[in-house]
Amino acid sequence: MADMNTTETPALNKASADAIEQLASVFSAYNDTTERMRYSYQRLQEDVVRLREELREKNEQLERKSRLAALGEMAAGMAHEIRNPLGGVQLYASLLERDLAEQDEPLQWVRKISKGVQALDRIVSDILAFTTEQMCVKEPVQVGAVLEEVLDLCRPRLADGTVCVHIDESAAGLTAAADAMMLQRILMNLLLNAIDAAGANEAGGHVWVRGKRYEEDGDIRVRLDVADNGSGIEPGVLVKIFNPFFTTKDTGTGLGLAIVHRLVECHGGVITAANGADGGAVFTVILPA
Ligand code: ADP
């Protein structure tokens, strides 16, 4: 038996070696194809997850847009109805102010009426700004120039010297692709809030505006940080901070940050709120450059 095997072995061995080689290449091709299919399946699954998420976000945006459109219509009607009688009150208050020029106490009362009317008018403007469609006309804007204008408008709030605003060159030297009026409103709201918060720091309030230009996914972006040394933001407040009408202030409307959020979104930008590493709040705005 042993002899017979040895005489047949070379031919048989060659045939079986060929067969094994063929089988091995079939297995290898099968393994390659399976691996490729597994990879494609994984990629497809990832695409499905990404597309689902995009769809969810788009649906949310659409829902938000139609909610805002409905709210905008209502607000425009309300603004009209409120502003008409308000205009009358303001007119009579101005006439009274003129007639009472010599009488100190009644003059103070009339001025209080005027202030109240102005405050109501501001609330109406804020509601309109939040609810109506915003036209964002982007152009290259010097952030430093806008910050100067904003600081000028904030002067009355800085007059008592309790808060100091530091504008870093890293922010002032930036150029953003933005709507200048909208950027002014964004920075104004953030600065006024920061001044409010820093004003409560008995050791002296400070507000810092810093910036940075950077590249992300091939796009150049501008980042602006408005930080303060106030008491910071509690976790319960942080989750609601951009909601319209959310306020922790006695005289607040809770519309400032909701408007800021909308204006930043109009630019295709992002705004976030956080607590700084050394305390205080930090608001970060990212805009296209
Ligand atoms: P308002 O100033 O009328 O309250 P905002 O929308 O501007 O409305 O702000 C909403 C709330 O966010 C504020 O009432 C406050 O609680 C919180 N907030 C805003 N900015 C700061 C800040 N820099 N530090 C701490 N809390 C802040």
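Residues numbered from 1 in each chain as written. Predicted model: local features only at pLDDT ≥ 70, side-chain atom pairs only at ≥ 80, totals over all residues. Heavy atoms only, no water.

Visitor: Which residues make up the overall build of the chain, and what are the values?
Guide: Broken down by element type, the chain carries 7 helices and 7 strands. In sequence order, the secondary structure elements of the chain are arranged as α-α-β-α-β-α-β-α-β-β-α-α-β-β. Taking 2.2 N^0.38 as the reference for a compact globule, 289 residues should give roughly 19 Å; the C-alpha atoms of the chain span a radius of gyration of 33 Å, well beyond that estimate. Its C-alpha atoms put the chain at 135 × 45 × 35 Å along the principal axes. Burial status across the chain gives 31% buried among its 289 residues. Long-range pairs, those at least 24 residues apart, make up 71% of the contacts in the chain with a sequence separation of at least 6. Carbon and sulfur atoms provide 57% of the accessible area of the chain, an area that totals close to 18,900 Å². (Helix = DSSP H or I, 4+ residues; strand = E, 2+ residues; numbered from the N terminus. Rg over C-alpha atoms; globule rule 2.2 N^0.38 Å. Buried < 20%, exposed > 50% of the residue type's maximum accessible area, 1.4 Å probe, protein only. Contact = heavy atoms within 4.5 Å. Areas by Shrake-Rupley, 256 points an atom, 1.4 Å probe, with all protein chains shown as cover.)

Visitor: Just give me the short version of the site of the ligand, but keep the residues and values in it.
Guide: Among the 19 residues in the neighbourhood of the ligand, the closest are listed as Asn 193, Thr 247, Thr 248, Lys 249 and Leu 257. Gly 256 is positioned such that a nitrogen or oxygen atom in its backbone is 3.4 Å from an oxygen atom of the ligand. In the complex, the protein chains occlude 91% of the 530 Å² of accessible area that the ligand would expose alone. Elements with a contribution of two residues or more to the shell around the ligand: helix 5 (180-199), helix 7 (256-266) and strand 7 (281-288). At 3 residues, helix 5 tops the list of elements feeding residues into the shell around the ligand. Of the residues that constitute the shell around the ligand, the class distribution is 9 nonpolar, 8 polar and 2 charged. (Near = heavy atom within 4 Å. Polar contact = N/O pair within 3.5 Å; in protein donor to acceptor, adjacent residues only side chain to side chain. Nonpolar A, V, L, I, M, F, W, Y, C, P; charged D, E, K, R; others polar.)

Visitor: Would you mind going over the pattern of salt bridges in detail, with residue names and values included?
Guide: Within the structure shown, the criterion is met by 15 salt bridges. Between Glu 35 and Arg 38 there is a salt bridge, and its shortest N-O distance comes to 2.9 Å. Taken together, the positions of Glu 35 and Arg 38, both in helix 1 (residues 2-99) and 3 residues apart, correspond to about one turn of that helix. Of the residues examined, Glu 35 reaches a relative accessible area of 42% and is grouped as partly exposed. As a salt-bridge pair, Asp 121 and Arg 83 come within 2.8 Å of each other at their nearest N and O atoms. On the criterion of sequence distance, the pair formed by Asp 121 in helix 2 (residues 104-131) and Arg 83 in helix 1 is long-range, its members being 38 residues apart. What makes Asp 121 partly exposed here is its relative accessible area of 30%. Connected via shared salt-bridge partners are Asp 47, Arg 50 and Glu 54. (Salt bridge = Lys/Arg side-chain N within 4 Å of Asp/Glu carboxyl O.)

Visitor: Any chance you could break down the sheet that holds strand 4 (residues 205-216) for me, citing the residues and the numbers?
Guide: In spatial order, the strands read 2-4-5-7-6; together these 5 strands make up an open sheet with mixed pairing. Strands with a single pairing partner mark the edges of an open sheet, and in this sheet they are strand 2 (163-167) and strand 6 (270-275). The sheet shows a mean angle of 20° between the axes of neighbouring strands, direction not considered. (Pairing = 2+ DSSP bridges. Axes fitted to C-alpha atoms, helices over the stretch in contact; angles between N-to-C directions.)

Visitor: How would you sum up the state of the cysteines? Please name residues and give values.
Guide: Counted by the stated rule, this structure contains 0 disulfides. Free cysteine Cys 164: the closest other cysteine sulfur is in Cys 154, separated by 13 Å. (Disulfide = S-S within 2.5 Å.)

Visitor: Describe unusual backbone geometry, with residues and values.
Guide: One non-glycine residue with positive phi stands out, namely Asp 217, at about 50°. Phi angles above zero are rare outside glycine, and Phe 245 is one such case at about 70°. With respect to the helices, strands and loops of the structure, Phe 245 is situated in the loop between helix 6 (235-238) and helix 7.

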